[in-house]
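Working through the structure, step by step
Below, each chain spelled out in residue letters.
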Amino acid sequence: METRSIRGFHDVLPEDAKRWHRVEETAKAVFELHGFSELRMPVLEFTEIFARSLGTTTDIVEKEMYTFADRDGSSLTLRPEGTAGVARSYIENSMWAKSPVTKIYYTGMMFRHERPQKGRYRGFYQIGAELLGPEEPASDAELISMVWNILEGTGITKYLTLEISSLGDGICRPQYKEKLVAFFAPERERLCEDCQRRLETNPLRILDCKVKGCSEIASRAPRMIDSLCADCASHFAEVREALDSAGVPYVVNPGIVRGLDYYTRTVFEITTGELGSQNAVAAGGRYDGLVEELGGPRTPAVGFAMGMERLILLHQAAFPEGFGREISVFIAHMGEEARKRAFRLASELRGLGISTEMEYGGKSLKSQLKRADKSGARLTLIIGEDEIRRGVVKVRDMDTGKEDETTEINPGLEIAGRLGGK
Ligand code: HAM
């Protein structure tokens, strides 16, 4: 047997976990500031949920989903994204009946069978949020500025550009589609096989095609943003105005198409020049028809997701020194009695909220002190026969190298006091 992980899947190693926690905690704190609560969803849904939500002619649904038959024959899919699951849960749990505004965030692993490369995995983590209920532009602007605040909080906005656009709605998009078909039809023979098919099934997807010939033709195609109806145009103008007033920097990029079919009106991507072709760190937009499409009441909504691995790559660039483990105390000991004493003291210190590690077995003092040094502890406590006899604990300050002894009856409280004073 070859012991290895599946291609496109990866571990987040303990030495990197702190960085992940920092980013996750920043995101959660900002979510709370905006009144969002966490929803934990299953990683598996009925395939139909994703096919209906993302669109049957999107790359994700056509080529990238991990889909398999359950034992009873029903088709299940590992979630490629979070929005469809949120919409399913929103309907199933009648969240719409409880409040006119529902604010949800989620974190977790998503699965897409893409070609792996730097910043692109088959199993990757997203943090995302969905704001369901309102359709006013202020909700788009709140969500987008929330995403920007999270990225600011992680200290990486110097690498980022926020791009926004509008994809119109059920009134102006069908007319735009007709314009697109009229534009692409004479070029039909020069399009790739997939796009020739898309011309009939979903012409908007041609704009997202990565084949060079297609993208060249697409760059000359009419743009949705020039075809917005009056309502969509004023909605988009108000989103921009609200972003301006919140001081969120953005550029309008009419070339944003998004790889999912559920979007209406506002769409956005936060991109970077640091990660090669995998340039989107976060993305999202409005999806006013999705909840209804899945059988719920008409519910406008807007949301986003960011790719944790891409964010972490930028975080590493911004803070290369990393984040070490933080341990306050290491206890070294010599002799059977001292080991028992060390064990009791370690429990006591942890009970006082002080992170503590100790040697388990009977290693030499030298090797224990080596481990203490590596642990990054601020204080090392040393207990030997002499200390046991005299009822004290030797304390070494790891920053200064100075050693002395505890003086109080209760060394736990004394150690806590010393750490507090440092
Ligand atoms: P998405 O653009 O498909 O949107 O993905 C959002 C982010 O997830 C991307 O910008 C990227 O950072 C990350 N990502 C996507 N695929 C991969 C991959 N293979 N490897 C690593 N990172 C990846 C959505 O998923 C929508 N659900 C966002 C949304 C929420 N729209 C409305 N609400």
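The rules we used
- Residues numbered from 1 in each chain as written.
- Predicted model: local features only at pLDDT ≥ 70, side-chain atom pairs only at ≥ 80, totals over all residues.
- Heavy atoms only, no water.
- Helix = DSSP H or I, 4+ residues; strand = E, 2+ residues; numbered from the N terminus.
- Rg over C-alpha atoms; globule rule 2.2 N^0.38 Å.
- Buried < 20%, exposed > 50% of the residue type's maximum accessible area, 1.4 Å probe, protein only.
- Contact = heavy atoms within 4.5 Å.
- Areas by Shrake-Rupley, 256 points an atom, 1.4 Å probe, with all protein chains shown as cover.
- Lys, Arg positive; Asp, Glu negative; His and termini not counted.
- Charge placed at Lys NZ, Arg CZ, Asp CG, Glu CD.
- Axes fitted to C-alpha atoms, helices over the stretch in contact; angles between N-to-C directions.
- Parallel < 35°, antiparallel > 145°, perpendicular 65-115°, else oblique.
- Nonpolar A, V, L, I, M, F, W, Y, C, P; charged D, E, K, R; others polar.
- Near = heavy atom within 4 Å.
- Polar contact = N/O pair within 3.5 Å; in protein donor to acceptor, adjacent residues only side chain to side chain.

So, about the overall build of the protein chain. In terms of regular secondary structure, the protein chain is built from 16 helices and 16 strands. Taking 22 Å as the expected radius of gyration for a compact globule of 422 residues, we find that the protein chain reaches 28 Å, considerably beyond that expectation. Per-residue burial for the protein chain yields a buried fraction of 51% across its 422 residues. Of all intrachain contacts in the protein chain linking residues separated by at least 6 positions in sequence, the fraction that spans at least 24 positions is 70%. Approximately 20,600 Å² of the protein chain is accessible, and the part contributed by carbon and sulfur atoms is 51%. A gap of 5 Å separates the mean positions of the 57 positive and 64 negative side-chain charges of the protein chain.

We now examine the packing of helix α1 (residues 14-33) against helix α12 (residues 308-318). Taken N-terminus to C-terminus, the directions of α1 and α12 make an angle of 110°; their axes are 10 Å apart at the nearest point. Classified by the angle their axes make, α1 and α12 are roughly perpendicular. Note on element contacts: α12 touches α1 through M308, E309, L311, I312, H315 and Q316, opposite R19, W20, V23 and E24. Split by residue class, the contact of α1 with α12 holds five nonpolar, two polar and three charged.

As a further point, take the site of the ligand. Near the ligand there are 27 residues, and of these E81, E114, Y121, E130 and Y263 occur at the shortest range. Interatomic distance of 2.8 Å between a side-chain N/O atom of R258 and an oxygen atom of the ligand. At 2.8 Å, a backbone N or O of A280 approaches an oxygen atom of the ligand. For the ligand, whose free accessible area comes to 660 Å², the fraction covered by protein is 96%. Mapped onto the shell around the ligand, the elements with two or more residues apiece are β6 (123-132), β10 (280-286) and β11 (301-307). Of all the elements, β10 adds the most residues to the shell around the ligand, at six residues. The residue inventory of the shell around the ligand, partitioned by class, reads 13 nonpolar, seven polar and seven charged.

This part takes up unusual backbone geometry. The phi dihedral of S94 is positive, around 45°, even though this residue is not glycine. Relative to the elements of secondary structure, S94 occurs in the loop between α4 (83-92) and α5 (95-98). S94 sits in the partly exposed class, given a relative accessible area of 29%. In this model, R265 sits at a positive phi of 55°, which is unusual for a non-glycine residue. By secondary structure assignment, the location of R265 is in strand β9 (residues 264-272). In this structure R265 comes out as buried when scored by relative accessible area, which is 11%.

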